[in-house]
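Fold and geometry: a report
This is what each chain is made of:
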Amino acid sequence: MPDKARVAVLVSGTGTNMAALLYASRLPGAAYEIVLVASNDLAAGALALAEAEGVATFALSHKGMKRAEHDAAMDAAAREAKADYIALAGYMRVLGPAFVADWQGRMLNIHPSLLPRYPGLDTHARAIAAGDGHGGASVHLVTDDLDMGEVLGRAEVAIAPGDTAETLAERVKFAEHQLYPRVLADYVSRPFDPDWLVAQVRERAMALPHAEETLSHGMPCFGIEKGKKFAWVSMDHHGDGKTALLAKIDGADEQAQLIENDPERYYRPAYFGDGWIGIRLDLGDTDWQSIEDWLSRSWRAVAPKKLTGLMDAADQF
Ligand code: GRF
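Just so it is clear, the structure is predicted and the values come from calculations on it, not from any experiment. (Residues numbered from 1 in each chain as written. Predicted model: local features only at pLDDT ≥ 70, side-chain atom pairs only at ≥ 80, totals over all residues. Heavy atoms only, no water.)

Here's the deal with the overall build of the protein
- On a plain count of helices and strands, the protein comes out with ten helices and 13 strands.
- By principal-axis analysis of the C-alpha atoms, the protein measures approximately 65 × 45 × 40 Å.
- In the protein, which comprises 317 residues, the proportion classed as buried is 46%.
- Intrachain contacts of the protein at a sequence separation of at least 6 include 56% that bridge at least 24 residues. (Helix = DSSP H or I, 4+ residues; strand = E, 2+ residues; numbered from the N terminus. Buried < 20%, exposed > 50% of the residue type's maximum accessible area, 1.4 Å probe, protein only. Contact = heavy atoms within 4.5 Å.)

What follows is the structure, encoded as structure tokens:
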């Protein structure tokens, strides 16, 4: 079981979503902990609640400050708290591009509509006015495009006859409080989830020319059609608890060197001999570009000349 992911929550208001995230994080087996609640509004109810619960807080009004300066102060507070992720929960400030870039892939937001419908404000009134059958909430990754990052999860809430924006908003909040902790927990668990890790390898391996997937010795295995295998994903092999990519290397010297330089990440895969290296995928910090490079190197090592020739030609461009 990896250490819990450290999450900073940014709020401007009451913080009912912050509370939902916090109480979920205190249940047994939780995947994350809240290490900071930060606000641009000194009077935010969320701050008082966090304090009462013994969670570190940071408050700094944005009034009279440039956006980039205020963002930088929030960023510094999150870093000081050693946050791995940021969860926006009713944070009513648009974050500037530098902040968004720094936290890319590690910052989530909850939005009270079924995205991609109704980004922006007045979501409930707009859903009712459009005659929609459902409103709801979405949790998404934060990008520069407001409310438009990848949607990680949605919860639908039926619109009842006679609903107003207020009555609908109230029910959507219940759904938000279920949705956000679940999606956040799943998201921070991904880097340790064998199925998600295999899917990442699969996407990259299958993008190589003439790649095919088979099951070999119970492991997902990638090879060249009618040809040799270039990669395996070892998943809890003989109960070793590891999820790792097995890729081709030059031989015993390279194998020994890789292991010596980074013994936590690299290992000699049992039964594969000197021509292969085990690369742990489940350490939480996998560099997927490097995995892509390992896969294409492995592919090249086993591909017939007529295929590598095509790759060489493509590389010229
Ligand atoms: C929620 O409706 C959320 O979807 C939106 O801001 C609101 C925050 O409410 N982004 P609360 O402070 O969590 O109660």
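Comments concerning the packing of helix α7 (residues 194-205) against helix α9 (residues 288-302)
- It is the contact of α7 with α9, at a shortest axis distance of 10 Å, that shows an interaxial angle of 50°. On the basis of the axis angle, α7 is oblique to α9. Handedness of the crossing formed by α7 with α9: right-handed. Facing Trp196, Leu197, Gln200, Val201, Arg204 and Ala205 of α7, the residues of α9 in contact are Trp288, Glu292 and Leu295.
- Its residues placed into classes, the contact of α7 with α9 shows six nonpolar, one polar and two charged. (Axes fitted to C-alpha atoms, helices over the stretch in contact; angles between N-to-C directions. Parallel < 35°, antiparallel > 145°, perpendicular 65-115°, else oblique. Left-handed = near helix turned anticlockwise from the far one by under 90°. Nonpolar A, V, L, I, M, F, W, Y, C, P; charged D, E, K, R; others polar.)

Topic: the sheet that holds strand β7 (residues 151-158)
- Here we have seven strands laid out as an open sheet, ordered β3-β2-β1-β4-β5-β6-β7, and mixed in their pairing. Only two strands of the sheet have a single partner each, and these edge strands are β3 (57-59) and β7. On average, each strand axis in the sheet is tilted by 20° relative to the strand beside it, whichever way the strands run.
- Across four bridges, the pairing between strand β1 (residues 5-11) and strand β4 (residues 85-88) is parallel. (Pairing = 2+ DSSP bridges.)

Focus: the packing of aromatic side chains
- Evaluated as defined, the whole model comprises seven aromatic pairs.
- Between Tyr85 and Tyr187, the ring centres sit 6.1 Å apart and the planes meet at 80°, which makes this aromatic pair edge-to-face. Taken together, the residues Tyr85 in strand β4 and Tyr187 in helix α6 (residues 165-189) connect sequence positions 102 residues apart. One exposure class covers both Tyr85 and Tyr187, and it is buried.
- Put simply, the rings of Trp232, Phe272 and Trp276 pair up and form one aromatic cluster.
- For the cation-ring pair, Lys242 lies above Tyr267, with the distance from its terminal atom to the ring centre recorded as 3.9 Å. (Phe/Tyr/Trp six-rings, centres within 6.5 Å; stacked < 30°, edge-to-face > 60°. Lys NZ or Arg CZ within 6 Å of the ring centre and 35° of its normal.)

Re the domain arrangement of the protein
- Taken domain by domain, the protein holds domain 1 (5-192) and domain 2 (194-315).
- Each of domain 1 and domain 2 was reduced to a C-alpha centroid, and the two centroids are 37 Å apart. (Domains from an automatic or database assignment.)

Focus: the nonpolar core
- Core analysis: the biggest nonpolar cluster contains 39 residues, and Val9, Tyr32, Ile34 and Val37 have the highest contact counts within it.
- Sort the elements by how many residues they give to this core and α6 lands first, with ten residues.
- Not counting chain neighbours up to four residues away, the residues in contact with Tyr32 comprise Lys4, Ala5, Val7, Leu21, Ala24, Ser25, Pro181, Leu184, Ala185 and Val188.
- Tyr266, Ile277, Leu307 and Met311 belong to the second largest nonpolar core, which has 28 residues in total. (Core = buried A, V, L, I, M, F, W, Y, C linked by side-chain atoms within 4.5 Å.)

A few points about the pattern of salt bridges
- Throughout the structure, instances matching the rule amount to 14 salt bridges.
- Residue Arg171 is joined to Asp163 by a salt bridge in which the shortest nitrogen-to-oxygen separation is 2.6 Å.
- Between Glu213 and Arg202 there is a salt bridge whose closest N-O contact spans 2.7 Å. One end of the pair, Glu213, is in strand β8 (residues 211-216); the other, Arg202, is in helix α7, with eleven residues separating them in the sequence.
- For Arg202, a relative accessible area of 31% corresponds to the partly exposed category.
- One salt-bridge network, held together by shared partners, links Asp75, Arg79 and Asp102. (Salt bridge = Lys/Arg side-chain N within 4 Å of Asp/Glu carboxyl O.)

Overview of α7
- Between its first and last C-alpha, α7 extends 16 Å over twelve residues, near the 16 Å set by a 1.5 Å rise per residue.
- Contacts made by the buried residues of α7 are with β8, β9 (219-224), β10 (229-235), β11 (243-248) and α9. (Expected span 1.5 Å × (residues − 1).)

A short note on the packing of helix α1 (residues 16-25) against α6
- For the pair α1 and α6, interaxial distance at closest approach is 9 Å and the crossing angle is 45°. On the basis of the axis angle, α1 is oblique to α6. The element α1 and its partner α6 pack so that their crossing is right-handed. The residues of α6 that touch α1, namely those facing Thr16, Asn17, Ala20, Leu21 and Ala24, are Lys173, Glu176, His177, Tyr180, Pro181 and Leu184.
- Here the contact of α1 with α6 is built from residues that sort into six nonpolar, three polar and two charged.

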